[in-house]
Amino acid sequence: MMDLLGYGAFFLTTALIFSLVTLGLNLQWGLTGLFNVGLAGFVAIGAYTSALLTTPDDAARLGGFGLPILVGWAGAMVVGGIAAALTGMATLRLKSDYLAITTFGVAVVVQLVALNAQKLTGGPFGIGFIPRPFGSLAETPLLFNLSNLAVVSVVTLIAYLALEHLSRSPWGRVLKALREDERAAISLGKSARFYRVQAFAVGGAIMALAGALQAHFTGFIAPDNYLPILTFQVWVMLIVGGSGSNLGAVIGSILVWAIWAGSGTLTSLLFPPEQQARAAALQIAAIGVMLCVILLIRPNGLFGDRPRRSWLGKRAKAATPKSNSPS
């Protein structure tokens, strides 16, 4: 029972870290309409920034300043936000498909830098000895996982409430106006590029914070943690939960991660060890099937806004009495 409770805390901690990434993507895509498929790069920037700021000194690479964990998280948000703002200023003039290609290129560049800049990032060997919150409790897995779950839950709740407030503020209404009708918003004196860069930067900072949390939760990072599959997972989480809904971003992340982890456990039980590497592809198949089913049942996701125009039109048509044609 204690082992099951500890695993549940570990599972929820991982799912809530994914929720943070999905909340950042929801700000960019769901609220503003920015098609970012390079989010793995911003997660990696946050993870490596916080790791370099907080790890002990290492003669094999730069960094290792040994700063407190909270300083590392703040630094990750600042660097991630700046990187996202610079990317936004360079790319947000592009349309959705070209923006997607460019942001994907940014993520690939970040991953290649992490893989090859060994003096800075440790190269393919990654960075270890990252300080973990409540590291003194590591010998007691249940207390360690529950403590980390509490920390990640508080951070996720703060981010959720802040984004809910921003989405209802005048700033959020401008972003929605730019998403729905850019020309109308510009005609009212709003700078589309200025607001979009802001949204891209805030979303990138949240993604970087999620990367920092993940780095300190696991204690080790490597370039293989930030492959394009991460982008695929987060996009599925947002689509399942409902684009434009912060609650949907959180619930969708937990649901998709449950299916991902559950399918991985199932394949390890059903297939022999020599075939588990191939059987791992069934995880992606399971996510794909689930995505198709949800999109068929609820095209806008579990908590997305449902279109009401056609429904209202049918009600109005049914309520209107038929007039007799003149004879």
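Let me begin by describing the structure that accompanies this report. Small disclaimer: the values here were computed from a predicted structure and weren't measured.

A few words on the pattern of salt bridges. Considering all chains together, one arrives at four salt bridges under this definition. Between glutamate 164 and arginine 168 there is a salt bridge whose closest N-O contact spans 2.7 Å. Here glutamate 164 pairs with arginine 168, and both are found in helix H6 (residues 141–168), just four residues apart, close to one helical turn. By relative accessible area, glutamate 164 is classed as buried at 17%. Look at arginine 168 and you get exposed, because its relative accessible area is 57%. Between glutamate 180 and arginine 179 there is a salt bridge, with its nearest N and O atoms 2.8 Å apart. A residue is classified by how much of its surface remains accessible, and glutamate 180, at 58% relative accessible area, is exposed. Classification of arginine 179 by relative accessible area gives partly exposed; the value is 34%.

Let us look at empty space enclosed by the protein. Under the defined criterion, the tally for this structure stands at one cavity of 30 Å³ or more. Space inside the largest cavity adds up to approximately 50 Å³. Lining the largest cavity are Trp73, Pro133, Asn148, Val151, Val152, Leu213, His216 and Phe217. Residue composition of the lining of the largest cavity, by class: six nonpolar, two polar and no charged.

What follows concerns the packing of aromatic side chains. This structure, assessed with the given rule, holds nine aromatic pairs. For the ring pair tryptophan 29 and phenylalanine 35, a centre distance of 5.5 Å and an interplane angle of 45 degrees mean the geometry is tilted. Relative to tryptophan 235, the ring of phenylalanine 35 has its centre 5.2 Å away and its plane inclined at 90 degrees; by these criteria the two rings are edge-to-face. With phenylalanine 35 in the loop between helix H1 (2–31) and helix H2 (39–54) and tryptophan 235 in helix H10 (residues 228–241), this residue pair connects regions lying 200 residues apart in the sequence. Relative accessible area serves as the criterion here: at 27%, phenylalanine 35 is assigned to the partly exposed category.

Right, let's talk about the layout of surface pockets for a bit. A volume near 480 Å³ is recorded for the largest pocket. Taken together, 20 residues line the largest pocket, and the ones lying closest to its centre are Phe18, Gln214, Asn225, Leu230 and Trp257. Taken together, the elements giving at least two residues each to the lining of the largest pocket come down to H1, helix H9 (192–218), H10 and helix H11 (246–270). Looking at the lining of the largest pocket residue by residue, the classes come out as 13 nonpolar, six polar and one charged.

Here the focus is the packing of H2 against H10. At a closest axis distance of 8 Å, the pairing of H2 and H10 adopts a crossing angle of 110 degrees. Overall, the two elements H2 and H10 adopt an arrangement that is roughly perpendicular. Here H2 contributes Leu39, Ala40 and Val43 to the contact with H10, which in turn contributes Leu230, Thr231, Val234 and Trp235. The residue makeup of the contact of H2 with H10, split by class, is six nonpolar, one polar and no charged.

This brings us to the nonpolar core. Ranked by internal contacts, the top residues of the largest apolar core, which has 79 residues, are Ile221 and Tyr226. Here the element with the most residues in this core is H9; it accounts for 14 residues. Here tyrosine 226 is in contact with Ala40, Val43, Ala44, Ala47, Tyr48, Gln111, Gln214 and Ile221, once residues within four sequence places are set aside.

Quick notes on the rules
- Residues numbered from 1 in each chain as written.
- Predicted model: local features only at pLDDT ≥ 70, side-chain atom pairs only at ≥ 80, totals over all residues.
- Heavy atoms only, no water.
- Salt bridge = Lys/Arg side-chain N within 4 Å of Asp/Glu carboxyl O.
- Helix = DSSP H or I, 4+ residues; strand = E, 2+ residues; numbered from the N terminus.
- Buried < 20%, exposed > 50% of the residue type's maximum accessible area, 1.4 Å probe, protein only.
- 1 Å grid on protein atoms, 1.4 Å probe; cavity = no way out; pocket = protein on both sides within 12 Å on 5 of 7 lines; lining within 4 Å.
- Points joined across faces, edges and corners; volume = space filled by probe spheres on them.
- Nonpolar A, V, L, I, M, F, W, Y, C, P; charged D, E, K, R; others polar.
- Phe/Tyr/Trp six-rings, centres within 6.5 Å; stacked < 30°, edge-to-face > 60°.
- Axes fitted to C-alpha atoms, helices over the stretch in contact; angles between N-to-C directions.
- Parallel < 35°, antiparallel > 145°, perpendicular 65-115°, else oblique.
- Contact = heavy atoms within 4.5 Å.
- Core = buried A, V, L, I, M, F, W, Y, C linked by side-chain atoms within 4.5 Å.

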